[in-house]
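# Descriptive analysis of the structure
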Amino acid sequence: MKKKERNNTAMISFELGINVDDDRWLDALANIETLSENVANTAFNYMELNTDLSSIDFNKPLLIGLSLSNDDIVHKYNKEFRGIDRPTNVLSFANIDDDDFASEAELYDEVELGDIIIAYETTSREAEEKHISLHDHYCHLLVHGLLHLMGYDHQLDAEAEVMEAHETNILKELNISNPYTE
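Residues numbered from 1 in each chain as written. Predicted model: local features only at pLDDT ≥ 70, side-chain atom pairs only at ≥ 80, totals over all residues. Heavy atoms only, no water.

Taken together, the side chains of E15, D109, E110, E112 and D115 make up a negatively charged region of the molecular surface. Within the secondary structure, E110 sits in the loop between α4 (101–107) and β4 (111–119). (Patch = residues over 30% accessible without salt bridge, like charges linked within 9 Å, V, L, I, M, F, W, Y side chains within 5 Å. Areas by Shrake-Rupley, 256 points an atom, 1.4 Å probe, with all protein chains shown as cover. Salt bridge = Lys/Arg side-chain N within 4 Å of Asp/Glu carboxyl O. Lys, Arg positive; Asp, Glu negative; His and termini not counted. Charge placed at Lys NZ, Arg CZ, Asp CG, Glu CD. Helix = DSSP H or I, 4+ residues; strand = E, 2+ residues; numbered from the N terminus.)

Spelled out as C-alpha cells, the structure:
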C-alpha cells in the first residue's frame, strides 16, 4: 500500500470518551486511560497515512466511546444486537456502517465514529490462555475495535487478511507482537 504524505505534522484530533463499567480494569492496567489514548492515536495516524479512508475526515475531531466493561454487559449486547447468546471479548458499534454516515459527518464539526465495549473476564481469560500479557491483548482488542469503527471487517477471508495486516502493523508500532502468529 502506498503511503500518503501528510499536509502538516499535527496529530489527529480525537476524543476518547472512556466509561469504566468494571473497576477491575483500573486495577489490572495502570493508566488505562493514557494507554487507550496512545493506542487510538497510533491507530488513527497509521490509518490516515497508510490507507484510503475517504469517508472519514481526519481533519475533524473524531469521537469514540469506549466502555471498559465485563462479560455480563457484553453478553447482553452481544445477544441483543448480534443474536449471539454469550459474551465476547470486544464489540464495536460503527457509525460508518450507517447509510447516512458520510452526509451526517459533513454536517458537524466532529465525526462520531461509534462505540467499543471490551469485556474484562473474557479478555483476561484469553490473554492467559494465549500466554500473553493483558496489556498486549487489550491493545490488540482496542485496535481491532477501532478498525471496525473505520469500516473494516473480517467476515470474508480477503477482508480478514486486510484487517489483520493493519492490526499487526499498528501493534508493531506499539511494540506489540503479531497476535496472529503461533
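After that view of the structure, there is still more to cover.
For the chain, the mean per-residue pLDDT works out to 90, and 94% of the residues sit at or above 70. pLDDT under 50 marks residues 1–9. Its contacts with residues more than four places away, or in other chains, come to 16 contacts. (pLDDT = per-residue confidence, 0-100. Contact = heavy atoms within 4.5 Å.)

Extensive coverage of β4 is indicated by the burial of seven of its nine residues. Strand direction decides the pairing type here: strand β2 (residues 62–69) and β4, joined by eight bridges, are parallel. Opposite L66, over in β4, you have I116 as the bridge partner. Relative to β4, strand β3 (residues 90–94) is paired through five bridges, and the arrangement is antiparallel. Among the inter-strand pairings, V90 is bridged to a residue of β4, identified as I118. (Buried < 20%, exposed > 50% of the residue type's maximum accessible area, 1.4 Å probe, protein only. Pairing = 2+ DSSP bridges.)

Moving on, we get to the pattern of salt bridges. A side chain of one charge can pair with a side chain of the opposite charge when the charged atoms of the two come close. For the structure shown, the criterion picks out three salt bridges. For the salt bridge of D22 with R24, the shortest nitrogen-to-oxygen distance reads 2.7 Å. According to the relative accessible area criterion, R24 is partly exposed, its value standing at 36%. Between E129 and R125 there is a salt bridge, with the nearest N and O atoms lying 3.5 Å from each other. Linking E129 with R125, this pair stays in helix α5 (residues 120–130), spanning four residues, or about one helical turn. Using a relative accessible area of 52% as the deciding quantity, one classes E129 as exposed. According to the relative accessible area criterion, R125 is partly exposed, its value standing at 41%. Each of the salt bridges in this network shares a partner with another, and the network as a whole consists of D22, R24 and E121.

Soluble, globular proteins show a tendency: their nonpolar side chains are buried together. F44, L62, I64 and Y138 are the most contacted members of the largest nonpolar core, which totals 46 residues. Contributing elements (two or more residues each) for this core: β1 (14–20), α2 (32–50), β2, β3, α4, β4, α6 (134–149) and α7 (157–173). When residues in this core are grouped by element, the largest group, nine residues, is from α6. Once residues within four sequence positions are removed from consideration, Y138 is found in contact with W25, L29, I32, L35, S36, L66, L68, I118 and T123. (Core = buried A, V, L, I, M, F, W, Y, C linked by side-chain atoms within 4.5 Å.)

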